[in-house]
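Report on the structure
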Amino acid sequence: MKCLVIDAIAPQLVVCASDGARIASRIGDTNAKLHNRLILQYVDEVARELQMPLAQLDALGCVVGAGSFTGIRLGVATVNGLAFALEKPCVALTSMQELAYPVKTDRFVAAIDARHDNYYGAEFCGDWTRMTRQGCYTGEELRAADCPVYYKSGPSDPQALIDMTQILFAAGKTATLEPLYLKKSQAEREKDGE
């Protein structure tokens, strides 16, 4: 399966593609302010590396959240735009699924730093496809958890992003992408007096 996947929600932008046999990827540095300048450049670079015109893609994948509000919007808008122009289906991934992908245990939590000792998290049972709960957690709640907690560190794994997109696409789980926000933005909280 030929696919392109974008993760713009973390400090390190990840753009990867597969031609069905090989994977090409670009991982940015930790300056999230450069994502908007680099995202389409990276799309072009991975397609050229694989010598694969974007019109040959079977599907596009995108990490839709939780994470940086601006990164979520950038990734979702870019992938939805490409999908519309190319007339290709989209697959939505979450940052917690990507973190949970390699984990195989009865019950665990995947957590991503949301700053100030707060975390976006999701509870899974068995593997990354069986999420039982997602939401916001405090550090105290995670430290008191009665199951293993896996914290995200570093960029997303391109191989995992490709694998997950292919699995969900094969299962028919495609849709127009929608951002996944697990809490209000700072601007919304300030407006509401929180």
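Residues numbered from 1 in each chain as written. Predicted model: local features only at pLDDT ≥ 70, side-chain atom pairs only at ≥ 80, totals over all residues. Heavy atoms only, no water.

1. Here's the deal with the overall build of the chain
Tallying secondary structure elements over the chain gives 6 helices and 9 strands in all. Taken against the 2.2 N^0.38 rule, which gives 16 Å for 194 residues, the C-alpha radius of gyration of the chain at 17 Å falls within 12% of a compact globule. Its C-alpha atoms give the chain principal-axis dimensions of about 50 × 40 × 30 Å. Taken over 194 residues, the chain has a buried fraction of 47%. Considering only contacts in the chain between residues 6 or more positions apart, those separated by 24 or more positions represent 62%. When the accessible area of the chain is evaluated, it comes to approximately 9800 Å², of which 49% is carbon and sulfur surface. (Helix = DSSP H or I, 4+ residues; strand = E, 2+ residues; numbered from the N terminus. Rg over C-alpha atoms; globule rule 2.2 N^0.38 Å. Buried < 20%, exposed > 50% of the residue type's maximum accessible area, 1.4 Å probe, protein only. Contact = heavy atoms within 4.5 Å. Areas by Shrake-Rupley, 256 points an atom, 1.4 Å probe, with all protein chains shown as cover.)

2. Quick notes on the pairing of strand S5 (residues 90-93)
Across 4 bridges, the pairing between strand S4 (residues 59-63) and S5 is parallel. Bridging from a neighbouring strand, Gly 61 pairs with Val 91 of S5. At this point the chain moves from S4, through helix H2 (residues 69-86), to the parallel S5, and the crossover so formed is right-handed. (Pairing = 2+ DSSP bridges. Right-handed = clockwise from strand over helix to strand, strands pointing away.)

3. Observations concerning the nonpolar core
The biggest cluster of nonpolar side chains holds 55 residues, and the ones touching the most others in it are Leu 4, Ile 6, Leu 13, Val 15, Leu 93 and Met 96. Aside from chain neighbours lying at most four places away, what touches Ile 6 is Leu 13, Val 14, Val 15, Ile 39, Val 43, Gly 61, Cys 62, Val 63, Gly 75, Thr 78 and Val 79. Counting 6 residues, the second largest nonpolar core, distinct from the first, contains Val 109, Ala 111, Leu 142 and Cys 147. (Core = buried A, V, L, I, M, F, W, Y, C linked by side-chain atoms within 4.5 Å.)

4. Looking at the packing of aromatic side chains
With the rule as written, the count across this model stands at 5 aromatic pairs. Considering the side-chain rings of Tyr 119 and Tyr 151, the 5.5 Å spacing of their centres and the 65° angle between planes classify their relative orientation as edge-to-face. Residue Tyr 119 is located in strand S7 (residues 118-126), and its partner Tyr 151 is located in strand S9 (residues 149-151); the two are separated by 32 residues in the primary sequence. Exposure remark for Tyr 119: the relative accessible area of 16% places this residue in the buried category. Between the NZ or CZ atom of Lys 104 and the centre of the ring of Tyr 101, over which it lies, the distance is 5.8 Å. (Phe/Tyr/Trp six-rings, centres within 6.5 Å; stacked < 30°, edge-to-face > 60°. Lys NZ or Arg CZ within 6 Å of the ring centre and 35° of its normal.)

5. Section: the sheet that holds S9
If you walk across this open sheet you meet the 4 strands as S8-S7-S6-S9, and the pairing is mixed. Across the chains shown, the open sheet's two edge strands, defined by having one partner strand only, are strand S8 (131-138) and S9. Averaged over all pairs of adjacent strands, the angle between their axes in this sheet comes to 25°, without regard to strand direction. Sheet topology note: the S7/S8 ladder contains 7 bridges and is antiparallel. The residue of S8 that forms the bridge with Asn 118 is Thr 138. (Axes fitted to C-alpha atoms, helices over the stretch in contact; angles between N-to-C directions.)

6. Some details on the environment of Gln 56
Mapped onto the secondary structure, Gln 56 falls in the loop between helix H1 (35-49) and S4. For the pair Gln 56 and Asp 113, spaced 57 residues apart in sequence, the C-alpha to C-alpha distance is 36 Å. Side chain to side chain, Gln 56 and Lys 2 meet in a polar contact 3.2 Å long. (Polar contact = N/O pair within 3.5 Å; in protein donor to acceptor, adjacent residues only side chain to side chain.)

7. Points about H1
When the terminal C-alpha atoms of H1 are compared, their 20 Å separation across 15 residues agrees well with the 21 Å that a helix rising 1.5 Å per residue should span. Within H1, the full set of buried residues consists of His 35, Leu 38, Ile 39, Tyr 42, Val 43, Val 46 and Ala 47. Elements that come into contact with the buried residues of H1 comprise strand S1 (3-7), strand S2 (14-18), strand S3 (23-27) and H2. Immediately beyond the C-terminal end of H1, within one or two residues, lies Gln 51, with a positive phi of roughly 55°. (Expected span 1.5 Å × (residues − 1).)

By themselves these figures say nothing about function.
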